[in-house]
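What the coordinates show
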Amino acid sequence: MSKDCAKKVLVIGYGSIGQRHARILSELECSVAVVSSRKIDWNPRYACINDALEDFDPGYVVIANKTSEHGETLRKLGKAGFKGIVLVEKPLFSKVENTNVRGFKKVVVGYNLRFHPLILKLRKLLTGKRILTAQTYVGKNLAAWRPGVDYRKSYSAFYDRGGGVLRDLSHELDYMNWLLGGWSSVVAVGGHYSRLEIDTDDAYCVMMKTKRCRNVLVQMNYIDHTGHRSMIFNSDDLTIKVDLIQNWIEVNGKRFGLKVERDDTYREEHKAVLGKRWKELCSYHEAMDVMRLIEAAEKSSRRKKWVKK
């Protein structure tokens, strides 16, 4: 890897999220190449990782292929001798697995909502507060989520591809874990309740205890026909409400709005990587903790009891 490749970025996978990463990185004046087995409208395009590493010599790799392929892709990069920076799209894996990442300069995970200005504002407001209750809700209509895509053929519809609400909508699990100091125990109920033609869970309700709050509720589903993403936090002196769809925050009844575009959080995430601001990003170990939380929630739902970390 040459010294001048810091802003040479290789994006592996060119679905909707891979296209977004490639476009935004290009707008940030990075030189961007893509690995895709399909013939696509991007140049340079490589059919395999080894060819891309040898010819393009990137310093930064974004793994944006299927969740079920993330682990194998990390192993391929390591085997090929890549030693630069890796960003893995969320969730890190389909299930908890041991993958050696010590050979890379840094591995981070794409929980870009950590860069949402309203979540950053919320985090600042909660600093030093005793948090009494915390709850968040996310609901999307899977059938209408990706225009032009048959949801029954998407990865969301298949457990073995990394689908299901706990993985697909794990932003909520990550930022609640991040804001509240990490989970210690969890109880959950979830399943496939709707008429969606999928083999994954379409709704989950997760209650957990964390370091900073003993009463945390996370609700997520694929069946909300209007689309909603919000949260409520209560401390001794504050009630804070946040809506990430309408983009407003309310503090003790006073509401403030912000203009936030979808690309903004991805752009700030990549700026943090390029600027080596590692503390602002989701680390490999933090993302593994989210994976353990997901599996603990699934175990709790099956066994109908609390599961400790």
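Anyway, here's the lowdown on the structure attached to this text.

Conventions used here
Residues numbered from 1 in each chain as written. Predicted model: local features only at pLDDT ≥ 70, side-chain atom pairs only at ≥ 80, totals over all residues. Heavy atoms only, no water. Helix = DSSP H or I, 4+ residues; strand = E, 2+ residues; numbered from the N terminus. Rg over C-alpha atoms; globule rule 2.2 N^0.38 Å. Buried < 20%, exposed > 50% of the residue type's maximum accessible area, 1.4 Å probe, protein only. Contact = heavy atoms within 4.5 Å. Areas by Shrake-Rupley, 256 points an atom, 1.4 Å probe, with all protein chains shown as cover. Pairing = 2+ DSSP bridges. Axes fitted to C-alpha atoms, helices over the stretch in contact; angles between N-to-C directions. Phe/Tyr/Trp six-rings, centres within 6.5 Å; stacked < 30°, edge-to-face > 60°. Core = buried A, V, L, I, M, F, W, Y, C linked by side-chain atoms within 4.5 Å. Right-handed = clockwise from strand over helix to strand, strands pointing away. Arc of directions from axis to C-beta. Patch = residues over 30% accessible without salt bridge, like charges linked within 9 Å, V, L, I, M, F, W, Y side chains within 5 Å. Salt bridge = Lys/Arg side-chain N within 4 Å of Asp/Glu carboxyl O. Lys, Arg positive; Asp, Glu negative; His and termini not counted. Charge placed at Lys NZ, Arg CZ, Asp CG, Glu CD.

1. Regarding the overall build of the protein
Summing up its helical and strand segments, the protein has nine helices and 16 strands in all. Computed over the C-alpha atoms, the radius of gyration of the protein is 19 Å, within 12% of the 19 Å expected from 2.2 N^0.38 for a compact globule of 309 residues. In the protein, which comprises 309 residues, the proportion classed as buried is 53%. Considering only contacts in the protein between residues 6 or more positions apart, those separated by 24 or more positions represent 65%. Surface accessibility of the protein: about 15,100 Å² in total, with carbon and sulfur atoms responsible for 48%.

2. Here we look at the environment of Ile-240
Of note, Ile-240 is situated in strand E12 (residues 239-243). Separated by 13 residues in sequence, Ile-240 and Gly-253 place their C-alpha atoms 8.2 Å apart. Contacts of Ile-240, omitting those with residues within four sequence positions, involve Leu-122, Leu-125, Leu-126, Met-231, Ile-232, Phe-233, Ile-249, Glu-250 and Val-251.

3. Examining the sheet that holds strand E11 (residues 223-235)
Reading across the sheet, the nine strands line up as E14-E13-E12-E11-E7-E10-E9-E8-E16 and stay open at both edges, with mixed pairing between neighbours. Looking at which strands have only one partner, the edges of the open sheet turn out to be strand E14 (254-257) and strand E16 (307-308). Relative to the sheet, helix H7 (residues 171-179) contacts strand E7 (131-141), strand E8 (183-191), strand E9 (203-210), strand E10 (216-221) and E11, its axis offset from that of E10 by approximately 165°.

4. A look at the packing of aromatic side chains
Scanning all chains against the criterion turns up four aromatic pairs. When the ring of Phe-82 is compared with that of Phe-104, the centres are 6.2 Å apart and the planes differ by 45°; the resulting orientation is tilted. Of the two residues, Phe-82 sits in the loop between helix H3 (70-79) and strand E5 (85-89) while Phe-104 sits in the loop between E5 and strand E6 (106-110), which places them 22 residues apart along the sequence. Classification of Phe-82 as buried rests on a relative accessible area of 6%. Ring geometry for Trp-145 and Tyr-222: centres 6.2 Å apart, planes at 55°, overall tilted.

5. Considerations on the nonpolar core
With 75 residues, the main nonpolar core has Leu-77, Val-86, Leu-92, Met-176, Leu-180, Met-220 and Phe-233 as its most contacted residues. Element by element, the count of residues in this core is highest for helix H9 (residues 284-303), at nine residues. Beyond its immediate sequence surroundings of up to four residues, Met-176 is in contact with Ala-134, Gln-135, Thr-136, Met-208, Val-216, Leu-217, Val-218 and Phe-233.

6. Considering the pairing of E5
Taken residue by residue, a regular strand's side chains alternate between the two faces of the sheet. The buried fraction of E5 amounts to five of the five residues, a majority that puts the element mostly inside the structure. The side-chain alternation of E5 yields two buried faces, one formed by Ile-85, Leu-87 and Glu-89 and the other by Val-86 and Val-88. In the sheet, strand E4 (residues 60-63) pairs with E5 via four bridges, with the strands oriented parallel. Each bridged residue has a counterpart across the sheet, and for Val-62 the counterpart in E5 is Leu-87. Between the parallel elements E4 and E5, the chain passes through H3 in a crossover that is right-handed. Pairing between E5 and E6: five bridges, direction parallel.

7. Description of helix H2 (residues 49-56)
Considered for burial, the residues of H2 that qualify are Ile-49, Ala-52, Leu-53 and Phe-56. Along the axis of H2, the buried positions cluster into a sector of 100°, meaning they face one direction only. Every exposed residue of H2 that faces more than 90 degrees away from the buried side is listed here: Glu-54 and Asp-55. In this structure, the buried side of H2 is in contact with strand E1 (8-12), strand E2 (31-35), strand E3 (45-46) and H3. Positive backbone phi, at 55°, marks Asp-57, one or two positions downstream of H2.

8. Thoughts on a positive patch on the surface
Residues Lys-299, Arg-302, Arg-303 and Lys-305 make up a contiguous surface patch of positive charge. Structurally, the position occupied by Arg-303 is in helix H9.

9. Quick notes on the environment of Arg-229
Among the structural elements, Arg-229 can be located in strand E11. Assessed through its relative accessible area of 10%, Arg-229 is described here as buried. Each C-alpha atom, one on Arg-229 and one on Lys-8, is 34 Å from the other, the two residues being 221 residues apart in sequence. Apart from the residues lying within four places of it in its own chain, the contact partners of Arg-229 are Leu-113, Tyr-137, Val-138, Lys-140, His-171, Glu-172, Val-242, Asp-243, Leu-244 and Ile-245.

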